[in-house]
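Descriptive structure summary
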Amino acid sequence: MSFSAEWLRLREPIDHRSRDNALLAKVTAHLAGKDEPVIYDLGAGAGSNLRGTALSLGQRQRWVLVDYDPELLSAALEFLAAWADKSRPTAAGLEIEKSGKLIRVEVKRADLNANPAPWGGQKPDLVTSAALFDLVSEQWVARFCAALARDKLPLYTTLVHDETALWSPAHEADAKMTEAFERDFGKEKGFGPSAGNKAIGLMANKLQALGYSTELAESPWRLGAEDHDLIVQLADGWANAVRDTKAVSEEVIGKWLAARKTRGTTCIVGHKDLLAMPA
Ligand SMILES: C[S@@+](CC[C@H](N)C(=O)[O-])C[C@H]1O[C@@H](n2cnc3c(N)ncnc32)[C@H](O)[C@@H]1O
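Scope of this entry: the structure provided in the associated data block. None of these values were measured; they are calculated from a predicted model.

Some points on the pairing of strand β7 (residues 155-168)
β7 sits mainly inside the fold: 10 of its 14 residues count as buried. Here four bridges tie strand β6 (residues 126-130) to β7, and the two strands are oriented parallel to one another. Across the sheet, residue Thr128 finds its bridge partner in β7, namely Tyr156. The sheet contact formed by β7 and strand β10 (residues 266-277) spans nine bridges and is antiparallel. Bridge assignment links Tyr156 to a residue of β10, and that residue is Leu275.

Take a look at the structure:
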């Protein structure tokens, strides 16, 4: 499944303001004693999770951005250089300075379905991801959690889709559109049959069974009039997904879409963050 750098850029400020700050503060506290923690960001895309996390961490950090899309990894380096106060290219990626932080960034192309533990023998201090785990299957969750537990690694993941969006004002086609969208959301996304909205709960339960302490927090997108551009893209994405199911007529989809693109539409999209610490 591919994602465009423009879509990731559009959602970035909303993702950053939506994450749960209490869980992020616990990540900060956990890494506070490390001189230069190594952080693996899975499904890193264009690097939004680094930009949303790094300023809450210590002065020196090393990030490894893992993704299977080479164009997004190139975009990550470009966007990070633009975000930084200073940057210089290195053989592995970039070194950047931002607000007094020194961050070494490496990009790594890997398919997480083939290998859910791309850190190999180099055990990081933290495994993180944003907006990734709603793509995966229950079987993949089991493989990933077993790999984390084997290496006793903490996990911090944010913005995992966990429930249906609530659109406002109500529209007569909402129920039909939602039912079809949810059906499409459960489609295979490169990791086996998708666990979709259930993935984050499955992951928390699996890690608890492996001896982890886990904490889940809500991180919903609360989209208002000022987020009109994202609402338009989101509504288009819903319409395309619903078209694929062939469960709703084009006429109904068209009317719903026109209503949803009207200024003044608001939407709450359910997400969760998870912090899981090994015993
Ligand atoms: C919704 S995007 C999130 C990107 C980024 N974490 C963010 O918050 O903007 C999901 C990311 O997972 C990556 N991805 C999906 N399947 C993957 C796989 N099998 N292996 C590696 N990366 C994958 C995509 O290329 C994309 O960058």
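There's plenty left to go through after this.
Notes on the site of the ligand
Near the ligand, the surroundings consist of 19 residues, among which Gly43, Asp67, Asp111, Leu112 and Ala130 are the closest. Measuring from an oxygen atom of the ligand, one finds a side-chain N or O atom of Asp67 at 2.6 Å. A distance of 2.8 Å separates a nitrogen atom of the ligand from a polar side-chain atom of Asp111. In the complex, the protein chains occlude 99% of the 590 Å² of accessible area that the ligand would expose alone. Of the residues belonging to the shell around the ligand, the class tally is 12 nonpolar, four polar and three charged.

Observations regarding the pairing of strand β5 (residues 101-109)
As judged from the eight bridges shared by strand β2 (residues 60-67) and β5, these two strands associate in the parallel manner. Note that in β5 the partner of Gln61 across the bridge is Ile103. As defined by bridge partners, strand β4 (residues 93-98) adjoins β5 across six bridges and the pair is classed as antiparallel. Within β5, the residue paired with Lys98 across the bridge is Lys101.

Considerations on a nonpolar patch on the surface
Taken together, Met1, Phe3 and Tyr68 make up a surface patch of nonpolar side chains, about 280 Å² in accessible area. Position of Tyr68 among the secondary structure elements: in the loop between β2 and α4 (70-83). Tyr68 gets classed as partly exposed once you look at its relative accessible area, which sits at 39%.

Points about the side chain of Thr158
With respect to the helices, strands and loops of the structure, Thr158 is situated in strand β7. Setting aside its immediate chain neighbours within four residues, Thr158 contacts Arg19, Asn49, Ser129, Ala130, Ala131, Lys272 and Asp273.

With respect to the pattern of salt bridges
This structure, assessed with the given rule, holds 19 salt bridges. Between Arg51 and Glu12 there is a salt bridge, and its shortest N-O distance comes to 2.7 Å. In this pair, Arg51 sits in helix α3 (residues 48-53) while Glu12 sits in helix α1 (residues 5-18), placing the two residues 39 residues apart along the sequence. An identical accessibility class is assigned to Arg51 and Glu12; each is buried. A salt bridge links Asp236 to Lys261; the shortest N-O distance between them is 2.8 Å. A residue pair is termed long-range when its members are at least 10 positions apart, and Asp236 in helix α8 (residues 228-245) and Lys261 in the loop between α9 (250-260) and β10 qualify at 25 residues. A network of salt bridges, in which partner residues are shared, links Asp162, Glu218 and Lys272.

About the cut-offs
Residues numbered from 1 in each chain as written. Predicted model: local features only at pLDDT ≥ 70, side-chain atom pairs only at ≥ 80, totals over all residues. Heavy atoms only, no water. Buried < 20%, exposed > 50% of the residue type's maximum accessible area, 1.4 Å probe, protein only. Helix = DSSP H or I, 4+ residues; strand = E, 2+ residues; numbered from the N terminus. Pairing = 2+ DSSP bridges. Near = heavy atom within 4 Å. Polar contact = N/O pair within 3.5 Å; in protein donor to acceptor, adjacent residues only side chain to side chain. Areas by Shrake-Rupley, 256 points an atom, 1.4 Å probe, with all protein chains shown as cover. Nonpolar A, V, L, I, M, F, W, Y, C, P; charged D, E, K, R; others polar. Patch = residues over 30% accessible without salt bridge, like charges linked within 9 Å, V, L, I, M, F, W, Y side chains within 5 Å. Salt bridge = Lys/Arg side-chain N within 4 Å of Asp/Glu carboxyl O. Contact = heavy atoms within 4.5 Å.

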